[in-house]
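Per-entry structural report
Single-letter residue listing:
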4 protein chains.
Amino acid sequence: MSETPLKDLRREVLAANLRIPEAGLATLTWGNVSGVDREAGVFVIKPSGVSYADLTEEDLVVVALEDGRVVEGHLRPSTDTETHRCLYRAFPSIGGVTHTHSAHAVAFAQARRPIPVLGTTHADTFNGPVPVTADLTAEQCAKDYEYNTGQVIVARLDGDPRRAEEVPGALVSRHGPFTWGATAKAALENAVVCEAVAEMALHTLALGSRLGEASEPPRHLLERHFTRKHGPDAYYGNTPHAPGP
Amino acid sequence: MSETPLKDLRREVLAANLRIPEAGLATLTWGNVSGVDREAGVFVIKPSGVSYADLTEEDLVVVALEDGRVVEGHLRPSTDTETHRCLYRAFPSIGGVTHTHSAHAVAFAQARRPIPVLGTTHADTFNGPVPVTADLTAEQCAKDYEYNTGQVIVARLDGDPRRAEEVPGALVSRHGPFTWGATAKAALENAVVCEAVAEMALHTLALGSRLGEASEPPRHLLERHFTRKHGPDAYYGNTPHAPGP
Amino acid sequence: MSETPLKDLRREVLAANLRIPEAGLATLTWGNVSGVDREAGVFVIKPSGVSYADLTEEDLVVVALEDGRVVEGHLRPSTDTETHRCLYRAFPSIGGVTHTHSAHAVAFAQARRPIPVLGTTHADTFNGPVPVTADLTAEQCAKDYEYNTGQVIVARLDGDPRRAEEVPGALVSRHGPFTWGATAKAALENAVVCEAVAEMALHTLALGSRLGEASEPPRHLLERHFTRKHGPDAYYGNTPHAPGP
Amino acid sequence: MSETPLKDLRREVLAANLRIPEAGLATLTWGNVSGVDREAGVFVIKPSGVSYADLTEEDLVVVALEDGRVVEGHLRPSTDTETHRCLYRAFPSIGGVTHTHSAHAVAFAQARRPIPVLGTTHADTFNGPVPVTADLTAEQCAKDYEYNTGQVIVARLDGDPRRAEEVPGALVSRHGPFTWGATAKAALENAVVCEAVAEMALHTLALGSRLGEASEPPRHLLERHFTRKHGPDAYYGNTPHAPGP
């Protein structure tokens, strides 16, 4: 395990964690971001219960993908560590995971309703509704609760890594959102999107109940937006050193 | 094309873009403002996917009104550039265009309902409901999607430049608000108004559904407010070097 | 008219105006505070259309209570100046007036519903519902619109200065809140309260519609809270140089 | 009574009070935190009506647990002081008390509905609904109103100190939330949780009324979350000098 990659990863994971309170995604210590180094077989995650204001790169905990052992760090990792580990193992292409208790996404999780696709803001990032997991059984709660939390997410996506790329997040029933992405930063940004589209959906449903229900957007519009940002024909954004036309 | 006007325009367009996150109109990179130089035949717009915190005057992209060519700039312009260009061509008196994903305006767009005129805050800026466009057809989505997005806005306003002055904004169905104005700054401020009146309307409709429906305000009140701020008899504000009585 | 009192008044009025955006009561330039000097027969008010960030003591405008003439100032006063003047003339004990377009209070104004007394937060400041005025007639809109806006407020309070002390604010139908108080600062703080209780009432009504209607609080509780803060038996707060027991 | 403990307590109580406006739990001066020194038989509390921006350690007031006498301080203590004192006397294990007027928690108080347990965010802190007190009678309002406010809270928890540890907060009917904890800081953080879960519950109920009612989470899930953070088997967080595995 080379030192330099982990140094960069620690920096990225710290920065992504600090964006949680900045973006209003969680109060107190209710959110965490991790990033993985697949070659080194480890991921870097926030320690448990440490406030964002106090968090340093040194406080981050390095955990083995294989068995969840703490490889580096003087603090206990996030209680949600095993959920992150489960997701990394099930979805080989993801590089970061984020968990928050953002208010509107949690409301959908508590109502056990997927966040429906109601417009292009959603379709830009999630190629389908943000799904809700099944409830964990008493057995799944009693033992390996956090790893099982990952399992119900994976099950909802049929364990399909390609679906996980198209729909980079899910709501754990009665709990809240987990999102992921190619990097820790991308996972955090998908958490921002998840909360934003949950808020918009809540307002849209409120209007619908007063003014007539919202209908589902046509598929051609949604596809257009998702492929504008993702895949071989994407034309959104500026990649560094790759100026536009 | 003289250098100085574009320098001033770049400064104004940068300042207006930076107000998007400040005013809470968009998270991540979900909004853009442009400003036009009619004499030079170009407009200046935000580059695609660049975060507001990193944005500089040099990053802004100069685009030809005539054909959408990039005239100056090392980055790709906003994916919404062709929508801006379509609006500038249809409405000769506008000097700036803004697009955001502000939550309450998006909710009306997703519910495909115009923002109704429920009070003077609305009437101060929009002389009528903020309309919603038709859905884009599969054909309109497949080719020239962004220019066609401008076309459905123009169509909703009957291609009438005078209506575009009286109602300086529209909601693209299932997408979100576009606003415009005499300058980039005015376009941005109309986006602020659009979001504020959408939020107020949502709360008003919620109260109405509980306490009895809101009725439409009398026309004489709305006219009073619009003409207090617009047109030959306007008496709101202080124009520089033109002190009040 | 002595210089020093007006200097102090300008400072207080400026400070109160700057709290409008800080407290989230208005965006752009949608709010204004004034303070009166009864001996001098003038009040000091925000100029029209000037942004809070740019506002200085020198920009404030001094207006005659008697006839609305501008006595001092190089800018045009707020378009709402005549409404302030009407309130000062009708209610001799008030020292400050505030107008905002805060979102929840405006929603009640647009729904033309008083803000009901649902709890002690409300009763601490308003000894009764925050009332809504009648609609202005076409005639009242056509001529002296802003003074007439004050008149419908005064009429809703039966022109009774004592009621204006007990209920220091009203919602102008389809427009928004005006509040007042012993000083400019108190008027501003009553605008903060008006918005806060409007938001709480909206949420309470939402819960009520789902869980059963809220009932009116018992009179003895409301009286207790109002008199805890107001009148001869008040025991809330610390007056300067008057330490507690 | 040793000086040093009170000095530390003053620092902690000041810090906790300053978090009230930072966390958006109250505007103006609508909230207060106290912390107790059981050995010294006193608690330290915010003075009445002093703004958070002006508050210093010296302004804090030291009050006797036994009889409510002011032991130290040049200002009058919070009007809610007697409520705090009542709670300290009824629940011997608590070290801090917080009162706020946070908007969503107040809405539940005004609707006289407990905040229901709808998910793990709630269960992490409150092992059951946040209850609402009975209304105070006219007699309870007329005399010793603030102490009686404490009494109705204690009565709702059956005067049971163990219940007060499991459910560290209650809503006073038509008034607002009081929370408590092992320290002033913990009491403040429980006020943050109380407001957050009230907001989430309000959104969840809104979704439920549109999409079908939310059901109660299974007991095994709630237990898991509460015991993950509380009691002998807790494994959340990092205690100072007690690094994780």
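Thresholds applied
Residues numbered from 1 in each chain as written. Chains lettered and ligands numbered in written order. Predicted model: local features only at pLDDT ≥ 70, side-chain atom pairs only at ≥ 80, totals over all residues. Heavy atoms only, no water. Pairing = 2+ DSSP bridges. Helix = DSSP H or I, 4+ residues; strand = E, 2+ residues; numbered from the N terminus. Axes fitted to C-alpha atoms, helices over the stretch in contact; angles between N-to-C directions. Phe/Tyr/Trp six-rings, centres within 6.5 Å; stacked < 30°, edge-to-face > 60°. Buried < 20%, exposed > 50% of the residue type's maximum accessible area, 1.4 Å probe, protein only. Lys NZ or Arg CZ within 6 Å of the ring centre and 35° of its normal. Contact = heavy atoms within 4.5 Å. Salt bridge = Lys/Arg side-chain N within 4 Å of Asp/Glu carboxyl O. Least-squares fit on C-alpha atoms with pLDDT ≥ 70 in both. Disulfide = S-S within 2.5 Å. pLDDT = per-residue confidence, 0-100. Buried area = accessible area lost by both parts, 1.4 Å probe. Polar contact = N/O pair within 3.5 Å; in protein donor to acceptor, adjacent residues only side chain to side chain. Nonpolar A, V, L, I, M, F, W, Y, C, P; charged D, E, K, R; others polar. Parallel < 35°, antiparallel > 145°, perpendicular 65-115°, else oblique. Left-handed = near helix turned anticlockwise from the far one by under 90°.

This next bit is on the sheet that holds strand β4 (residues 70-72) of chain D. Residue and element names in this part refer to chain D. With antiparallel pairing, the seven strands of this open sheet are ordered in space as β4-β3-β2-β1-β5-β7-β6. Either end of the sheet is taken by a strand with one partner, and the two such strands are β4 and β6 (169-172). Put simply, the sheet's adjacent strands are angled 25° from each other on average, direction ignored. Direction of pairing for strand β1 (residues 32-37) relative to strand β2 (residues 42-45): antiparallel, over a ladder of four bridges. Pairing of Asp 37 across the sheet is with Val 42, part of β2.

What follows covers the packing of aromatic side chains. Per the counting criterion, the structure on display carries eight aromatic pairs over all chains. Seen from their ring centres, Phe 43 of chain D and Tyr 88 of chain D are 5.2 Å apart, and the 45° between their planes marks the pair as tilted. Of this pair, Phe 43 of chain D sits in strand β2 while Tyr 88 of chain D is found in helix α2 (residues 81-90), placing the two residues 45 residues apart along the sequence. Accessibility expressed as a relative area gives 0% for Phe 43 of chain D, which makes it buried. Owing to a relative accessible area of 0%, Tyr 88 of chain D belongs among the buried residues under this scheme. Above the face of the Tyr 52 of chain C ring, Lys 46 of chain C is positioned so that its terminal group lies 5.1 Å from the ring centre.

As a further point, take the interface of chain A and chain B. Counting from both sides, the interface comprises 38 residues of chain A and, opposite them, 39 residues of chain B. Linking chain A to chain B there are two salt bridges. We note a salt bridge from Arg 228 of chain A to Glu 146 of chain B, for which the minimum N-O separation is 2.7 Å. If you list the elements that add at least two residues to the side of chain A that touches chain B, you get α4 (120-123), α8 (184-211) and α9 (219-229) of chain A.

Laying chain A over chain B is done by rotating through 90° and shifting 0.0 Å along the axis; what remains is an RMSD of 0.0 Å. Taken together, the rotation and translation describe the operation of a four-fold axis. Among all C-alpha atoms of chain A, that of Ala 206 of chain A lies closest to the rotation axis, at 5.7 Å.

With that out of the way, let us pick up the sheet that holds strand β1 (residues 32-37) of chain B. All names here are of chain B. Across the sheet, seven strands lie side by side as β4-β3-β2-β1-β5-β7-β6; this open sheet has antiparallel pairing. Two strands lie at the open edges of the sheet, namely β4 (70-72) and β6 (169-172), each paired on one side alone. Across the sheet, the mean angle separating the axes of adjacent strands is 25° when strand polarity is ignored. One ladder, built from four bridges, connects strand β2 (residues 42-45) with strand β3 (residues 61-64); its direction is antiparallel. In the sheet register, Val 42 faces β3, and the bridge partner there is Ala 64.

Here we come to the state of the cysteines. Enumeration over the complete set of coordinates arrives at zero disulfides over all chains. Sulfur of Cys 141 of chain C: no disulfide; nearest cysteine sulfur belongs to Cys 86 of chain C and is 15 Å away.

The next thing to look at is the confidence of the model for chain A. All names here are of chain A. Residues with a pLDDT of 70 or more make up 93% of chain A, whose mean pLDDT is 93. Of the regions scoring below 50 in pLDDT, residues 241-245 engages in seven contacts with residues more than four places distant in sequence or in other chains. With a pTM of 0.94, the predicted complex shows an ipTM of 0.93.

We now examine the interface of chain D and chain C. In many analyses, interface size is given as the accessible surface area lost on bringing the parts together. Contacts between the two partners involve 39 residues from chain D and, on the opposite side, 38 residues from chain C. In total, about 3400 Å² of surface goes out of reach between chain D and chain C, with carbon and sulfur atoms giving 57% of it. Broken down residue by residue, the surface that chain D buries against chain C is led by Arg 76, Gln 110 and Arg 174 of chain D, which jointly contribute 21%. The interface formed by chain D and chain C includes two salt bridges. For the salt bridge of Asp 80 of chain D with Arg 228 of chain C, the shortest nitrogen-to-oxygen distance reads 3.7 Å. Applying the counting criterion to the chain D and chain C interface returns 14 residue pairs in polar contact (both at pLDDT 80 or more). Of all the elements in the fold, those that place two or more residues in the side of chain D that touches chain C are α3 (103-111), α5 (138-142), α6 (145-156) and α8 (184-211) of chain D. When its residues are assigned to classes, the side of chain D that touches chain C shows 19 nonpolar, 12 polar and eight charged.

Residue and element names in this part refer to chain D. The contact between α2 and α6 brings their axes to 7 Å, and the two run at 40°. Put simply, α2 runs oblique to α6. The two elements α2 and α6 cross, and the hand of that crossing is right-handed. Where α2 abuts α6, its residues Glu 82, Thr 83, Arg 85, Cys 86, Leu 87, Arg 89 and Ala 90 lie against Glu 146, Tyr 147, Thr 149, Gly 150, Gln 151, Ile 153 and Val 154. Considering only residue class, the contact of α2 with α6 consists of six nonpolar, four polar and four charged.

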